[in-house]
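Breakdown of the fold
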Amino acid sequence: MDQSLFNEICLQQLTLSGVHEGETVAVLTRGDERPEYASAFMWAAQRLGASTFHLRLPAPASASAAWAVGDSGLGRNPLAVEALKRVDMLVDCTFLLFSPEQFEIQAAGTRILTAVEPAPLLARLMPTKELRERVEVGAELLAKAQSMRITSPHGTDVTYRLGVYPTISEYGYTDQPGRWDHWPAAFVFTGGADDGVDGKIVLAPGDVLLPFNTYVQTPVEITIEQGFIRDIRGAAGQSGLDADLLKSYIESFDDPRGYGMSHVGWGLDERAHWHGLTQFGGGMGMELRSFYGNVMFSIGPNNELGGPNDTPCHFDIPMRGCSLYLDDELIVDAGELTVAEMRPAARR
């Protein structure tokens, strides 16, 4: 994308995020990654009258030291953490999520926006105030619920006991102190009680395995008891490639917490494409997490919600065609949102 066009896109983003004169905006990158992002966000911050600077972390010293969930590289530089705690807004182009450093920076009142997806995707899924309103309707419903049940024609029937962890909304920008968001995004989620998820999830062809950035090809049956996965197998008890890959990946961490059930929720962005993995290599998969009517569950860490599980083993799995109930009220009906206020105007 042309740099001048990207500058204008980042200006739209920072305008939505409430950047104004007198604020300080920092941009965080790592190694040689995304220098054009740093340039665009700093240009935009200056246009809005804010002070700005670029903090560039060194690249990993070796391939074995490459990024992992919860390891930001920032923790080895406490002076950098202190600097970021003093700014009004941090644009994170490295992916700090799940790291202790992100939580510490947020707790100091710095709002954080993660921006790591390809520029054309950022442009196509530019957040809007209307989308935020719809996401917040979903978040309000989810926050009140005490139970969630997910079903599908393929055999999924799983129940989450809610009310332990907070509800989080993502709509692609942040204008509140201490709040984090991810551009692009449009979904709501919470977590079940640590021992309060039970049932069976059946992954069907076309469901999405993130961070593999692949579509499920063969059905996978996942049995969950008291918040932990107890069995992963192919359909009808047969071996299947996707089941084998999922098991092998979790086993490679040698961490029983990798079998824990984490966050769960649904997507609301009708502009997001289910086929998004066919474009840009899928990026980090935010389009797939956000596409309209998907029901997504997560495996692994729940420290983002304030939970005790900080395992580096993490999966997000958006599913198509599921139904989702909150306290027995149908909220997602086979991939269609039932609440008018959550649907775009064209679907009401």
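Structure: above.
Now for a description of the structure that goes with this document. A quick note: this is a predicted structure, and the numbers were derived from the prediction, not measured.

How each quantity is defined
- Residues numbered from 1 in each chain as written.
- Predicted model: local features only at pLDDT ≥ 70, side-chain atom pairs only at ≥ 80, totals over all residues.
- Heavy atoms only, no water.
- Helix = DSSP H or I, 4+ residues; strand = E, 2+ residues; numbered from the N terminus.
- Rg over C-alpha atoms; globule rule 2.2 N^0.38 Å.
- Buried < 20%, exposed > 50% of the residue type's maximum accessible area, 1.4 Å probe, protein only.
- Contact = heavy atoms within 4.5 Å.
- Areas by Shrake-Rupley, 256 points an atom, 1.4 Å probe, with all protein chains shown as cover.
- Lys, Arg positive; Asp, Glu negative; His and termini not counted.
- Charge placed at Lys NZ, Arg CZ, Asp CG, Glu CD.
- Pairing = 2+ DSSP bridges.
- Axes fitted to C-alpha atoms, helices over the stretch in contact; angles between N-to-C directions.

Turning our eyes to something else, we now look at the overall build of the protein. The number of helices and strands found in the protein is 8 helices and 20 strands. For a compact globule of 348 residues, the expected C-alpha radius of gyration is about 20 Å, and the protein comes in at 20 Å, within 12% of that figure. For the protein, the spread of C-alpha atoms along the principal axes amounts to about 60 × 50 × 35 Å. Classification of the 348 residues of the protein by burial places 55% in the buried group. When contacts within the protein are restricted to residue pairs at least 6 apart in sequence, those whose partners lie at least 24 apart make up 70%. Total accessible area computed for the protein in this model is approximately 13900 Å², and 51% of it derives from carbon and sulfur atoms. With 27 positive and 46 negative side-chain charges, the protein shows a spacing of 2 Å between the two charge centroids.

To continue, consider the sheet that holds strand E2 (residues 51–57). Overall, parallel pairing links the 5 strands, which are arranged E2-E1-E3-E4-E8 in an open sheet. Only two strands of the sheet have a single neighbouring strand rather than two, namely E2 and strand E8 (180–182). When the angles between neighbouring strand axes are averaged without regard to direction, this sheet yields 20°. Pairing geometry for strand E1 (residues 24–30) and E2, over 7 bridges, is parallel. Bridge pairing links Arg30 to Leu57 in E2. Contacts from helix H3 (residues 78–85) reach E1, E2 and strand E3 (89–92), with the element oriented near 155° to E2. The sheet strands contacting helix H4 (residues 100–107) are E3, strand E4 (111–114) and E8, and the helix crosses E4 at an angle near 140°.

Fair warning: the whole summary comes from geometry, so function is off the table for now.
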